[in-house]
Amino acid sequence: MVKCVLLVVVVFCGLAQAGQSHENKVEVEKTKGNTLDGSGLSKKEEKNHVKEESKQDNEEHEEGDKKEEEEVLEGVRARVVVGVETGWQKGRVEETQLVASAQAFGYDIQVQGGSEVAACDNLDLDYHLIIYLPRSEGVIQREARWLARALQDAGATIFIPPNPAINALVGWRRAVQQAAQDAGVDSLAHLVQHLHSSAHLRSNHRAQIDTHSRVFHVLDDNSRVSSDVFSVDGDVSNEGDDVSSEDDDVSSEGLHLDVTEDRYELKVEGHAPSVLLATPTSDHARALLLSLSDYLTQEHLPGRGCRACAPEGEPTRAAVAPEVVMVGVLIREPQAFLNISLRSLLFHGIHPKHVHFYVHSQVEEYQDVVEGFVDTLRREVKHVTLFKPHGGVVDEAQVRYMLLEECLRLGCNWYLHVDSTAYLNPNIPAMLMNTEHPVLAPVLRIQQGPEASFWRGMEAGKPRLSWDHAHILSDQPGARGYWHASCIRGVYAVRHDILERLVSAYTHSSGSYPDPDLVFCSTLREAGVPMVVMTAVPNTGVMVNSTSHNINTPDFLAFQSNPLLWQLEYLSKTWNAIMTGNFSEIKRPCDEVYQYPTFTLRFSKDLINIANSADKWSPARTQDPRKETGTEAVPTVDQWTSQLGLDHLMEWLFAGTFKNQHILSFPSSLQEEMVLSLVARFQPGEVAGLPQHHDAAAVTFHIYLTPSHLYQGGEMEFPKQKCSLKPEVGDVLVFPGRLTHPKILHNVTEGTLHKLIFHMDTPSMKTS
């Protein structure tokens, strides 16, 4: 990583002469106050008169002194001179924020080499104030007058941070030069080291260790942010300070951001230090400084994120103009819902004649699914390659590197990286490239947790959730915009000129990072390329949760880890419409019988496959050892869902789907519980139908698992209601189970009918 050593000199011009005239004025006033007017007063009266005049003069003088002092501080002019030993990277986020913060508070910027104190060019005044920062991990958040005020209030000429590893200082130039001369050093960094180690040197030059964050506050590994979006927790250490201050009233408020004059300030113990630093050895502190600086410099606004990152106008979902776009699709590990996430890429929104797809899978078991996706993609896109590296290379980092090389060979305008774990809504890939940002990623939440496709925090070389992570993920209007990130993954678009700047983008430090995404992010950070994530468009998609996913686990059982994709795949659009208030989709074919189109054909197929694989079908006898009574009044060929290991799924469906259907059907009835669930089979040669009977349940749910055209017969009849019906696959019938609704299931004469049956009742009426 290129390390920048910065010298920041804030030049205060005008304070010296003002200070000298102030001292002269005070001396003149004192002389006038001691002169007698010869009025012939008695000694006692004269003494009292003089005393009264003196008191009045002192009050006037104090008020005048204070007013003049404020005028002097308000009139301070400042210049920031930055000296770098190894080069100044203009695009680097740290440098950009430091410059932005200085400019925001009226500092001029001058860049120069070396570490010596800069001259005050074209100025005749002797008094200047120096801020020396050893690195770019710093930001200014207050005007220059506050630096002078902090030194003055503390009775100090120099301040240094409490951390000896940070060679920073703030001080009057004359005092700094004299201290450096006494210490025998010509480097400000060496001077700070001497000031830390020598109490005698500090005492001689009125230097203090800034343990109370009057000027500096240093973020470190212990700096944290609380659950409040704009509240920061951190410790202010008093270690190493042998300079006491009698007027310090140190509170334990910690750190927090306040809105001051429509901007944010970081407060420490009730006041705002002028300079924020980050411990250079702490990834967490540096990332925290960056995320805080976004707001302090007003580069980020809470309502819309990064101002400079936002494109002009609203992002569009139109197809990208004719140019070469290469899309690298990687299947990295076992995951749920692979077919769904791959299928989402068919709606990429990029011009089909100018997009090149390269698909690579590292999971051999997915070969059929991947080849099927490639065949489908080729019907839509001209250039599709099932990427198989030469020489049997299977290392993921090498594969990614080869894809980047192929992109450059093609002369691509954009490279779009897509992990198969990303489910993207239509046209999101095209939108990423329409924004023209050099590296942009959509914000995708990983299901069932706070993890997402980006990080703004870093700790111990690894990404972590940032203090404003939850706010950005909230999907609220106030969080929609563009946001700086310390690392991105899953899906991101990279402009061609950035690719040309990256060397070994996925492999340069693979020993330090186990994941190629982290290597890539590290490469971008070192190259000074800002990564940005987008929340400007809501509902861009989701990330599959693949934690501990087994290659043999069917998607049907991934409802807890991936509820959104489960519902997308297994719940019908009609049911989703009903849940958003379109009650016209609810059918009532018979009196008090309600029909809800609820599940997809895949739900039915997958459930039947699980039942047939378990093959624990009951023999349909009145003696049933599964029941507490040992008998069944109306036997069927069935398997209880508990026998299939589906208890948790049924409870989840009951809580999220069937209870809603119960409320919509019978809003005045009691909130009962599920007491029985089973998969039943009806076909010729077995139990083909059921005679008229009641269910031992308050409410019954029949979920049809077979398309109506695949079997003959099997109509459901409610004789009292004089109603007969044959629902379609995925439909749910909801009706009273006892007394009012006896029913008949007519024999299936051809084919096989499968049903999922729920009984709902109060716990005391549990089916035995």
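Look a little higher up for the structure.
Asker: Honestly, the sheet that holds strand β32 (residues 587-590) in this entry has me stumped. Any pointers?
Answerer: Strand pairs in the sheet, formed through backbone hydrogen bonds, run parallel or antiparallel to each other. On the basis of which strands lie adjacent, the open sheet formed by seven strands has the order β32-β33-β41-β37-β44-β35-β34 and antiparallel pairing. Of all strands in the sheet, those with a lone pairing partner are β32 and β34 (637-640), marking the two edges. Geometrically, the sheet is characterised by an average inter-axis angle of 25° between neighbouring strands, direction not taken into account. Of the strand pairs in this sheet, strand β37 (residues 699-704) and strand β44 (residues 753-761) are connected by six bridges, and their pairing is antiparallel. In the sheet register, I703 faces β44, and the bridge partner there is L756. Sheet contacts for helix α19 (residues 647-665): β33 (593-597), β35 (673-682), β37, β41 (731-736) and β44; angle to β44, the most-contacted strand, approximately 75°.

Asker: Hey, could you run me through the side chain of Q595 in this one?
Answerer: Considering the arrangement of structural elements, one finds Q595 in strand β33. Taking the relative accessible area as the measure of exposure, Q595 reaches 8% and is therefore buried. Within the structure, the side chain of Q595 is placed 2.6 Å from the side chain of D731, a separation counted as a polar contact. Contacts of Q595, omitting those with residues within four sequence positions, involve E585, I586, K587, P589, L725, P727, E728, D731, V732 and L733.

Asker: Can you help me understand the sheet that holds strand β5 (residues 138-140) in this one?
Answerer: Ordered in space as β5-β14-β9, the three strands form an open sheet in which the pairing is mixed. Every interior strand has two partners, whereas the edge strands, β5 and β9 (216-219), have only one. Pairs of neighbouring strands in the sheet enclose a mean axial angle of 20°, with direction left out of account. When β9 meets strand β14 (residues 275-278), the two strands line up parallel, connected through four bridges. Each bridged residue has a counterpart across the sheet, and for V218 the counterpart in β14 is L277. Across the sheet, helix α8 (residues 283-296) touches β5, β9 and β14, and the angle it forms with β14 is around 150°.

Asker: What is the right way to read the packing of aromatic side chains from this model?
Answerer: Tallying each qualifying case throughout the model produces 18 aromatic pairs. Ring geometry for F556 against F603: centres 5.3 Å apart, planes inclined by 50°, an arrangement best described as tilted. Residue F556 is found in the loop between β31 (541-543) and α16 (563-570), and its partner F603 is found in helix α18 (residues 601-614); the two are separated by 47 residues along the sequence. Both rings, one in W566 and one in F603, keep their centres 6.2 Å apart while their planes meet at 85°; by these two values the pair is edge-to-face. Of the two residues, W566 is situated in helix α16 and F603 in helix α18; the sequence distance between them amounts to 37 residues.

Reading the values: the criteria
Residues numbered from 1 in each chain as written. Predicted model: local features only at pLDDT ≥ 70, side-chain atom pairs only at ≥ 80, totals over all residues. Heavy atoms only, no water. Pairing = 2+ DSSP bridges. Helix = DSSP H or I, 4+ residues; strand = E, 2+ residues; numbered from the N terminus. Axes fitted to C-alpha atoms, helices over the stretch in contact; angles between N-to-C directions. Contact = heavy atoms within 4.5 Å. Buried < 20%, exposed > 50% of the residue type's maximum accessible area, 1.4 Å probe, protein only. Polar contact = N/O pair within 3.5 Å; in protein donor to acceptor, adjacent residues only side chain to side chain. Phe/Tyr/Trp six-rings, centres within 6.5 Å; stacked < 30°, edge-to-face > 60°.

Just distances and angles here, no functional claims.
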